[in-house]
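Read off the chains here:
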Amino acid sequence: MYAIIQTGGKQYRVQQGDVIFVEKLDLAQDATVDFDVLLLGREDGVTVGKPLVPGAKVNAKVLGQVKGEKIIVFKYKSKKNYRRKQGHRQPYTKLEITGITA
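Residues numbered from 1 in each chain as written. Predicted model: local features only at pLDDT ≥ 70, side-chain atom pairs only at ≥ 80, totals over all residues. Heavy atoms only, no water.

Some points on a nonpolar patch on the surface
Thinking step 1. Residues I72, F74 and Y76 make up a contiguous nonpolar surface patch of about 340 Å² in total accessible area.
Thinking step 2. With respect to the helices, strands and loops of the structure, F74 is situated in strand 7 (residues 71-77). (Patch = residues over 30% accessible without salt bridge, like charges linked within 9 Å, V, L, I, M, F, W, Y side chains within 5 Å. Areas by Shrake-Rupley, 256 points an atom, 1.4 Å probe, with all protein chains shown as cover. Salt bridge = Lys/Arg side-chain N within 4 Å of Asp/Glu carboxyl O. Helix = DSSP H or I, 4+ residues; strand = E, 2+ residues; numbered from the N terminus.)

Dropping the structure here:
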């Protein structure tokens, strides 16, 4: 069984046991969080929500707060001696999918 969930403006396809990185959620480590299901896939077919599948939830456990890889932001204007270099690491929350209830 799999489910499509939405968090942080993005959609994720998850199954039980998956570990995913989502946009930062303000939760402590080992906390649990529930997500509503947009689409639910089973062996007997697919259930599409309008906009959510009624009674379906995805349970997840927070494994920690992590940062993504560093990207370099470099601004430059030719012939004007203007250069600005800045780094950025996007914060993420690492989640483990513990169960899908339908």
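Overview of the environment of T93
Thinking step 1. Mapping T93 onto the fold places it in strand 9 (residues 91-101).
Thinking step 2. Contact partners of T93, with chain neighbours within four places excluded, come to I20, F21, V22, E23, K24, L25, V62, G64 and Q65.
Thinking step 3. Here L25 takes part through its backbone nitrogen, which lies 2.8 Å from a polar atom of the side chain of T93. (Contact = heavy atoms within 4.5 Å. Polar contact = N/O pair within 3.5 Å; in protein donor to acceptor, adjacent residues only side chain to side chain.)

As for the pattern of salt bridges
Oppositely charged side chains may form a pair once their charged atoms are brought near each other.
Thinking step 1. Going through the model one piece at a time under the given rule, you end up with three salt bridges.
Thinking step 2. Put simply, E23 and K10 hold a salt bridge, and the shortest N to O gap is 3.2 Å. Taken as a pair, E23 in strand 3 (residues 19-23) and K10 in strand 2 (residues 10-15) lie far apart in primary sequence, 13 residues in all.
Thinking step 3. Looking at K10, the relative accessible area reads 38%, which means it is partly exposed.
Thinking step 4. With a closest N to O distance of 2.5 Å, D36 and K57 form a salt bridge. Here the residue D36 occupies a position in strand 4 (residues 32-42), and K57 occupies one in strand 6 (residues 57-67), the gap between them amounting to 21 residues.
Thinking step 5. Given the relative accessible area of 34%, K57 is considered partly exposed. (Buried < 20%, exposed > 50% of the residue type's maximum accessible area, 1.4 Å probe, protein only.)

As for the nonpolar core
If you look at soluble globular proteins, the nonpolar side chains tend to sit buried side by side.
Thinking step 1. V14, F35, V58 and L95 are the most contacted members of the largest nonpolar core, which has 19 residues in total.
Thinking step 2. Those elements that place two or more of their residues in this core are strand 1 (2-7), strand 2, strand 3, strand 4, strand 6 and strand 9.
Thinking step 3. Tallying contributions element by element places strand 4 first for this core, with four residues.
Thinking step 4. Among residues more than four places away in sequence, those in contact with F35 are I5, Q6, T7, L25, A56, K57, V58, A60 and L95. (Core = buried A, V, L, I, M, F, W, Y, C linked by side-chain atoms within 4.5 Å.)

Overview of the pairing of strand 2
Thinking step 1. Here six bridges tie strand 1 to strand 2, and the two strands are oriented antiparallel to one another. Counted as the bridge partner of I5 is Y12 from strand 2.
Thinking step 2. Remark: two residues form the turn of the hairpin made by strand 1 and strand 2, two consecutive strands paired antiparallel; G8 in that turn has positive phi of roughly 65°. (Pairing = 2+ DSSP bridges.)

Points about unusual backbone geometry
Trans peptide bonds make up the majority, and among non-glycine residues the majority have a negative phi.
Thinking step 1. With an omega of 0°, the peptide bond running from K50 to P51 counts as cis.
Thinking step 2. Located in the positive-phi region is D30, a residue other than glycine, with phi close to 70°.
Thinking step 3. Here D30 lies in the loop between strand 3 and strand 4.
Thinking step 4. Residue class for D30 comes out exposed when judged on its relative accessible area of 52%.
Thinking step 5. Phi at N81 is positive, roughly 55°, even though this residue is not glycine.

Without other data, these values stay purely geometric and don't point to any function.
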